[in-house]
Amino acid sequence: MLILNRSASEPRTSEITSETVYRQRRELLKAAGLFGAAAFFSPLLHAAPAAFQSVPDRKNVPGFLREKLTARKGGQNATGEVLTPFEVVSTYNNFYEFGLEKSDPAENAGSLRMEPWSVRVEGLCEAPGLYTLEDILKPHVLEDRIYRFRCVEAWSMVVPWQGFPLRDLLRRFRPSTGARYVEFTTLKDPAQMPGQRTESLPWPYVEGLRIDEAIHPLTIMAVGVYGRSLPPQNGAPLRLIVPWKYGFKSAKSIVRIRFLAGQPSTTWSKLAPAEYGFYANVNPAVDHPRWTQRRERRLPGTLFSPNWRETMQFNGYGPEVAGLYRGMNLNRHF
Ligand code: MTE
């Protein structure tokens, strides 16, 4: 969300969580025989900038993307909240296609070829087809959206993304009335993605949203962060951002969008249905079976002085999104 005016959903200052849960999640994979290396964490000692300053881009950004980023609708961080520095956003990542440690994606994702890139659109819509990244971006004006980002592992960031409302993209494909869900699939290419040469997750990574969630104005397709094109480790060239949901809903490096009548089978809910639900709305009242979701550790912080804060219902975006779930038992449909 581009937070231009202070609203009920803006980040507040107080604090959060431990690295234990990060390791516990990997214990799940280990217990399932899905990965060998024990995970650990490197203390984050970066200073936090007070305001959003663009970061220089890589050299060979395609012209159409560079122009879009330059011409974007700017925003300001009116939250009073400290942004998580680019160095942290781009080095503390979950992108299992490039490894299981937080530092692996930044180290390994250089092998991802982002050009040419295309997205296959399928399912219940009137304009299916193969769209190049340029086709996808052409009619959209990029915006700055400064959002809280809350991982199910109980760490969080505040990130200035550049993107455009997903609804504006989806409406171009003219979904039929029967389309009640949208599924997003990440690239599967073990030659480029070393993590896919292992069975750490069932590949490709698949996520999904109910259509009303997908067309909610807060939901964006992101192509940039900190005013530059997304680094590969952050899901270049195209990734989802759904700020009221746990971060695993935001599929990276998307190559397929499919409109469906029924709820898609998504990666984490398939792997551990008792731990990761389809909805995955940030909810401090529903603990993960192995750790609390009441608090979160805002990055950056250090091993010795973590920034703890209380987690907010819907990650603080309740005023905007609670209506989507009226009448639902959010403890059951987690
Ligand atoms: N998308 C793919 N394809 N593969 C992944 O492993 N990890 C998810 C999500 N999207 C993941 C993914 C999880 S668990 C989180 S918390 C966020 O990406 C992390 O995004 P970031 O690295 O940009 O902070």
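Note on numbering: residues in each chain are counted from 1, in written sequence order. At least 70 in pLDDT is required for a residue's local features to be given in this predicted model, at least 80 for side-chain atom pairs to be given and counted, and no such filter applies to totals for whole chains, interfaces and linings, which use all residues. For the side-chain quantities, the full set of heavy atoms in the structure was used; hydrogens and water were omitted.

Chemist: Mind laying out the overall build of the protein, listing which residues take part and the relevant values?
Modeler: Strands here mean DSSP runs of E at least two residues long; helices mean DSSP runs of H or I at least four residues long; both are numbered from the N terminus. Broken down by element type, the protein carries 9 helices and 12 strands. Residue contacts are defined here by distance: any two heavy atoms, one from each residue, within 4.5 Å place the two residues in contact. For the protein, contacts bridging at least 24 residues in sequence account for 75% of all contacts bridging at least 6. Note on areas: Shrake-Rupley with a 1.4 Å probe; residue coverage comes only from the protein chains shown. Total accessible area on the protein stands at roughly 13,300 Å², and carbon and sulfur atoms take up 54% of it.

Chemist: Describe the site of the ligand, with residues and values.
Modeler: By nearness alone, 18 residues border the ligand, and N93, Y96, E97, R239 and K252 come closest of all. Nitrogen and oxygen atoms within 3.5 Å of one another constitute a polar contact, given that in protein one can donate a hydrogen and the other can accept it, and given that sequence-neighbouring residues count only through two side-chain atoms. Here S250 contributes a backbone N or O atom positioned 2.9 Å from a nitrogen atom of the ligand. Between an oxygen atom of the ligand and a side-chain N or O atom of K252, the distance comes to 2.6 Å. Relative to its unbound accessible surface of 530 Å², the ligand loses 100% to contact with the protein. Residue classes in the shell around the ligand are distributed as 8 nonpolar, 6 polar and 4 charged. One heavy atom within 4 Å of a molecule or strand is enough for the residue carrying it to be called near that molecule or strand. For this classification, Asp, Glu, Lys and Arg are treated as charged, while Ala, Val, Leu, Ile, Met, Phe, Trp, Tyr, Cys and Pro are nonpolar and the rest, including Gly, are polar.

Chemist: Any details on the side chain of K245? Residues and values, ideally.
Modeler: Following the sequence through the fold, K245 ends up in the loop between β9 (239-241) and β10 (254-260). Side-chain polar atoms of K245 contact the side chain of E213, separated by 2.7 Å. At 3.5 Å, the side chain of K245 forms a polar contact with the side chain of Y325.

Chemist: An account of the sheet that holds strand β1 (residues 118-123) is requested, with residue identities and associated values reported.
Modeler: At least two DSSP bridges between two strands are needed for those strands to be called paired. If you trace the 5 strands from one edge of the open sheet to the other, you get β2-β1-β10-β5-β6, paired in mixed fashion. This sheet does not close on itself; its edge strands, each paired only once, are β2 (129-132) and β6 (206-210). The average undirected angle you get between the axes of adjacent strands in this sheet is 20°. Pairing analysis gives 4 bridges linking β1 to β2, with the strands arranged antiparallel. Within β2, the residue paired with V121 across the bridge is G129. Here, axes are lines fitted to C-alpha atoms. For helices the fit covers the stretch in contact, and angles between N-to-C directions go from 0 to 180 degrees.

Chemist: Can you explain the nonpolar core? Please cite residues and give values.
Modeler: Side-chain atoms within 4.5 Å link the members of a nonpolar core, which is a set of buried Ala, Val, Leu, Ile, Met, Phe, Trp, Tyr and Cys residues. Each residue is placed in one exposure class: buried if its accessible area under a 1.4 Å probe, protein chains only, is under 20% of its type's maximum, exposed if it is over 50%, and partly exposed if it falls in between. If you look at the biggest cluster of nonpolar residues, it comprises 89 residues, and the most contacted ones within it are W161, F173, F184, M221, W244 and I257. In terms of residue count, the dominant contributor to this core is strand β4 (residues 155-165) (6 residues). Once you skip the residues sitting within four places of it in the chain, F184 turns out to touch L166, Y205, V206, E207, G208, L209, M221, L240, A251, I254, R256 and I257.

Shape is all these values report; function is a separate question.
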